[in-house]
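A closer look at the structure
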Amino acid sequence: MQIQTKLFSWPDKGNHILMVARGLLDARGLRQVLNEVSVMAIQHLNCKVLIDFIDADCNVDPREIERLFYEPRPDLWPREYKIALVSSSRHDQYSRLLLVHTSLVSHGFRIAVFRDAKAAVEWLAHEN
């Protein structure tokens, strides 16, 4: 998985992380994404995160996601931050990313999946 990450900080708008992920999103790729967000978010409070998976091929088995949470590292993953996932417009990719979303929500993540970046940004902009 290839990842590019940028942090934007505005005094009146807070901290925002924008990540673009390309390639195969499997369990290893998901761990890589969560670790990268953690590294950035730990340094900045109250982050809102947008992860662009438009050019990624989501192929994560929900059972593999469950195994990720039995490792010691997941306690550091950013469950308290709002995370918006932007999917490819392909129905199969959106459906697979929804499965990832459902698994992560069950582990306490504040996360949502969108088909377009504008809707994701609007969701992140709301305070709740």
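Above this note sits the structure.
Everything numeric in this text was worked out from a predicted model, so none of it was measured.

Observations concerning the side chain of Thr5
- Looking at the secondary structure, you find Thr5 in strand S1 (residues 2-10).
- Look at Thr5 and you get buried, because its relative accessible area is 18%.
- Side-chain polar atoms of Thr5 contact the side chain of Glu36, separated by 3.3 Å.

Overview of helix H3 (residues 91-106)
- Taking 1.5 Å of rise per residue, the 16 residues of H3 would be expected to cover 22 Å, and the 23 Å separating its terminal C-alpha atoms lies within 8% of that figure.
- Residues of H3 that are buried: Gln93, Tyr94, Leu97, Val100, His101, Ser103 and Leu104.
- Packed against the buried residues of H3 are strand S2 (14-25), helix H1 (27-42), strand S4 (56-58), helix H2 (62-68), strand S5 (82-86) and strand S6 (110-114).
- A positive backbone phi angle near 90° is found at Gly108, which sits one or two residues after H3.

A word on the side chain of Ser88
- Within the element layout of this structure, Ser88 appears in the loop between S5 and H3.
- On the basis of relative accessibility, which here comes to 11%, the residue Ser88 falls in the buried class.
- One polar contact links the side chain of Ser88 to the main-chain amide nitrogen of Arg90, over a distance of 3.1 Å.
- Setting aside residues no more than four positions away along its own chain, Ser88 makes contact with Phe53, Ile54, Gln93 and Tyr94.

Observations regarding the packing of aromatic side chains
- Tallying each qualifying case throughout the model produces one aromatic pair.
- A cation sits over an aromatic face here: Lys82 above Trp123, 4.5 Å from the ring centre.
- Above the plane of the ring of Tyr94 lies Arg115, whose end atom (NZ or CZ) is 3.8 Å from the centre.

Criteria and cut-off values
- Residues numbered from 1 in each chain as written.
- Predicted model: local features only at pLDDT ≥ 70, side-chain atom pairs only at ≥ 80, totals over all residues.
- Heavy atoms only, no water.
- Helix = DSSP H or I, 4+ residues; strand = E, 2+ residues; numbered from the N terminus.
- Buried < 20%, exposed > 50% of the residue type's maximum accessible area, 1.4 Å probe, protein only.
- Polar contact = N/O pair within 3.5 Å; in protein donor to acceptor, adjacent residues only side chain to side chain.
- Expected span 1.5 Å × (residues − 1).
- Contact = heavy atoms within 4.5 Å.
- Phe/Tyr/Trp six-rings, centres within 6.5 Å; stacked < 30°, edge-to-face > 60°.
- Lys NZ or Arg CZ within 6 Å of the ring centre and 35° of its normal.

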